[in-house]
Amino acid sequence: QATAVGSSEQEDCNDWLSDVLDRVVPGVVTSYHLVDTISQANAEGQQVVVHYNQKQEEEDDVCTKLFVKRVDARKYAENKSWADLRRTLLYARTETRFYQEFLPKLNSASSSSSTSSSLAPHCYLAESNLDGLQMEGSIWDVSQSDPPPALLNNDETEKEILLQGKGATLVLDSIPCPEEYYQESPLTDTQAKQSLSALAKLHACAWQDVALLQLAEERLSKTVYYLPLRNPNELKGMEESWNNFLTQFEPPPGFLVSITPSIQKLGQRMFDMAEYVSNELSPQPTDPYVTICHGDYKAMNVFLPHDDTKDVIMIDFASIGMGYGMCDVAMHLIHARMPSMDAGTEEEEELRLVDRYLNELEKYKKEHKNDHYQQPYPRDVALRHYRLAVVDYFRFILGRFWKGATPEAFESRQHNQNTVLVNRNIPAAFS
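Residues numbered from 1 in each chain as written. Predicted model: local features only at pLDDT ≥ 70, side-chain atom pairs only at ≥ 80, totals over all residues. Heavy atoms only, no water.

## Quick notes on the pairing of strand β8 (residues 302-305)
Here is step 1: On β8, burial covers both faces: Val-302 and Leu-304 on one face and Phe-303 and Pro-305 on the other are all buried.
Here is step 2: In this sheet, β8 lies alongside strand β6 (residues 181-182) in antiparallel orientation, the contact comprising two bridges. Residue pairing across strands places Tyr-181 opposite Pro-305, the latter belonging to β8.
Here is step 3: In the sheet, β8 pairs with strand β9 (residues 313-314) via two bridges, with the strands oriented antiparallel. When the bridges of β9 are listed, Phe-303 appears paired with Ile-313. (Buried < 20%, exposed > 50% of the residue type's maximum accessible area, 1.4 Å probe, protein only. Helix = DSSP H or I, 4+ residues; strand = E, 2+ residues; numbered from the N terminus. Pairing = 2+ DSSP bridges.)

In structure tokens, the structure reads:
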């Protein structure tokens with residue numbers, strides 16, 4: 001979504017971008033121009049073509065394409081509550097920490113195997129500055145932190161001084177899309193296998209690495225749908241959300257599961273089980289089967305290569321943290337894979353994909369030499385984690401999106417590939 005900005009704001013943005021490019025480009029920047037600007041709820045991204053001289057006396061420019069991602073606290077403070085602003089800034093800090101502190105370690109683990117590859121775009125700059133904003137504590141303690149006094153009064157000058165320069169910046173290689181890579185949703189099973197294989201490689205690199213996982217527990221985040229991170233009203237409205245869905249939507253033709261009394265009470269059942277399920281999916285760094293999870297592994301956070309010999313590239317690590325890898329698998333398959341309308345067939349197809357992930361995970365783990373990589377992931381344990389994660393992610397969908405769901409709203413989002421499939425496709429929602 002291209003966005004236009006006013007002249008004063010544009011001038012500030014240009015000055016900021018020029019300074020950033022001067023810092024990361026290995027030479028003298030002679031010119032640059034924006035190819036695209038992407039505006040999202042919690043960040044802005046710019047694709048930039050940069051021309052520079054590696055040495056001042058050289059006449060020929062070198063050309064490169066970069067992706068610059070920025071979270072400017074001043075902008076988001078205007079229309080977000082303190083809780084939302086704090087969450088936005090902590091997510092941004094998590095992503096910069098991932099690129100600074102964790103990706104080099106994960107890439108090093110990957111390079112020690114026979115299938116060396118980077119798990120994410122090359123990063124030239126990753127920095128955040130939240131000084132003075134009372135960001136102590138972990139990201140999931142969001143409801144327990146009061147805003148700085150300057151944000152509580154009406155003194156705009158004081159707010160401007162506090163927020164000036166606060167936020168986060170990433171400068172990454174721009175992924176050549178659509179020339180070499182593409183994004184797709186919904187995914188075919190073949191595409192899902194590709195993305196699950198990449199996910200298995202990520203999980204294998206941190207498998208039961210206690211030192212790394214303890215650092216992740218301290219420095220990173222949790223999955224985007226982690227219950228303690230969510231608004232408590234989502235859980236309180238669970239039964240109402242489910243009743244609304246049953247009222248608004250008719251089962252699609254070919255749907256072979258009847259709406260039993262047990263299914264009619266699903267909202268209350270989800271409410272009753274939510275905390276138990278979340279606790280079962282909240283391991284400690286020293287627990288078995290734990291790894292680093294992407295945390296927001298939807299289809300549009302995956303770039304698939306046109307050439308099958310190239311690696312899948314992951315993006316958007318704002319929710320990365322320690323946990324069970326099956327939380328990523330469950331979210332990915334629900335978010336962007338079109339299920340079968342036949343319950344029996346769908347379960348078989350779903351389990352085939354889960355088994356594909358498990359096979360890839362074992363393959364990548366065996367390429368590492370340390371003992372902690374060799375701890376097996378028994379299929380019965382893995383499937384239990386997967387089924388719990390499916391329930392946990394559905395709790396998020398139900399509480400976050402379905403309270404006011406209508407067929408008209410689904411239709412308005414049907415082509416929005418960044419929206420979870422079960423919130424824009426009625427057959428997928430019922431399946």
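Picking up after the structure, the text goes on.
## Side note on the layout of surface pockets
Here is step 1: Estimated volume of the second largest pocket: approximately 1,100 Å³.
Here is step 2: What lines the second largest pocket is a set of 33 residues, and nearest its centre among them are Glu-350, Val-390, Ala-429, Phe-430 and Ser-431.
Here is step 3: Listing elements by their share of the lining of the second largest pocket, those giving two or more residues are α8 (238-248), α10 (266-280), α11 (326-336), α12 (343-366), α13 (379-401) and α15 (426-430).
Here is step 4: In terms of residue count, α13 provides more of the lining of the second largest pocket than any other element does, six residues in total. (1 Å grid on protein atoms, 1.4 Å probe; cavity = no way out; pocket = protein on both sides within 12 Å on 5 of 7 lines; lining within 4 Å. Points joined across faces, edges and corners; volume = space filled by probe spheres on them.)

## Concerning the nonpolar core
Here is step 1: One finds Phe-98, Tyr-99, Met-326, Val-329, Tyr-357 and Trp-402 to be the most contacted residues of the largest nonpolar core, which totals 93 residues.
Here is step 2: If we skip the residues at most four places from it in the chain, Phe-98 touches Leu-103, Pro-104, Leu-106, Leu-220, Phe-317 and Ile-320.
Here is step 3: In this structure, Ala-43, Tyr-76, Leu-90 and Ala-92 belong to the second largest nonpolar core, which totals 17 residues. (Core = buried A, V, L, I, M, F, W, Y, C linked by side-chain atoms within 4.5 Å. Contact = heavy atoms within 4.5 Å.)

## Overview of the sheet that holds strand β2 (residues 44-53)
Here is step 1: Spatially, β1-β2-β3-β5-β4 is the arrangement adopted by the five strands of the open sheet, whose pairing is antiparallel. Whereas interior strands pair on both sides, the edge strands pair on one side only; in this sheet they are β1 (28-39) and β4 (123-129). The average undirected angle you get between the axes of adjacent strands in this sheet is 20°.
Here is step 2: In the sheet, β4 pairs with strand β5 (residues 167-173) via six bridges, with the strands oriented antiparallel. The residue bridging Glu-127 from the neighbouring strand is Thr-169, located in β5. (Axes fitted to C-alpha atoms, helices over the stretch in contact; angles between N-to-C directions.)

## Brief notes about helix α5 (residues 189-205)
Because the α-helix completes a turn every 3.6 residues, residues three or four places apart line up on one side.
Here is step 1: If you check α5, its first and last C-alpha atoms are 24 Å apart, about what 17 residues at 1.5 Å a residue would give, namely 24 Å.
Here is step 2: Here α5 lies mainly inside the structure; 13 of its 17 residues are buried. (Expected span 1.5 Å × (residues − 1).)

## Quick notes on the sheet that holds β6
Here is step 1: One open sheet holds the three strands; their spatial order is β6-β8-β9, and the pairing between them is antiparallel. The open sheet terminates on both sides in strands that have one partner only, identified here as β6 and β9.
Here is step 2: Here α5 sits on the sheet in contact with β6, β8 and β9, set at roughly 115° to β8.

## Re the pattern of salt bridges
Here is step 1: By the definition in use, this model includes 23 salt bridges.
Here is step 2: Measuring nitrogen to oxygen at the nearest pair gives 2.1 Å for the salt bridge that ties Lys-75 to Glu-44. Placement of Lys-75 in helix α2 (residues 73-77) and of Glu-44 in strand β2 is noted, with a sequence separation of 31 residues between them.
Here is step 3: With a closest N to O distance of 2.6 Å, Glu-101 and Arg-219 form a salt bridge. Taken as a pair, Glu-101 in helix α3 (residues 82-111) and Arg-219 in helix α6 (residues 210-219) lie far apart in primary sequence, 118 residues in all.
Here is step 4: Given the relative accessible area of 23%, Arg-219 is considered partly exposed. (Salt bridge = Lys/Arg side-chain N within 4 Å of Asp/Glu carboxyl O.)

## Describing the packing of aromatic side chains
Here is step 1: Under the counting rule described, the total for this entry stands at 17 aromatic pairs.
Here is step 2: Plain terms: the ring middles of Phe-245 and Phe-430 are 5.2 Å apart, the flat faces sit at 45° to each other, and that makes the pair tilted. In this pair, Phe-245 sits in helix α8 while Phe-430 sits in helix α15, placing the two residues 185 residues apart along the sequence. Summarising the burial analysis for this pair, Phe-245 and Phe-430 share the class buried.
Here is step 3: Among the aromatic residues, those joined into a cluster by ring pairs are Trp-242, Phe-245, Phe-249, Phe-394, Trp-402, Phe-410 and Phe-430.
Here is step 4: If you follow Lys-222 out to its NZ or CZ, it ends over the ring of Tyr-226, 5.6 Å from the centre.
Here is step 5: Above the ring of Tyr-364, the side-chain terminus of Lys-363 is found at 4.7 Å from the ring centroid. (Phe/Tyr/Trp six-rings, centres within 6.5 Å; stacked < 30°, edge-to-face > 60°. Lys NZ or Arg CZ within 6 Å of the ring centre and 35° of its normal.)

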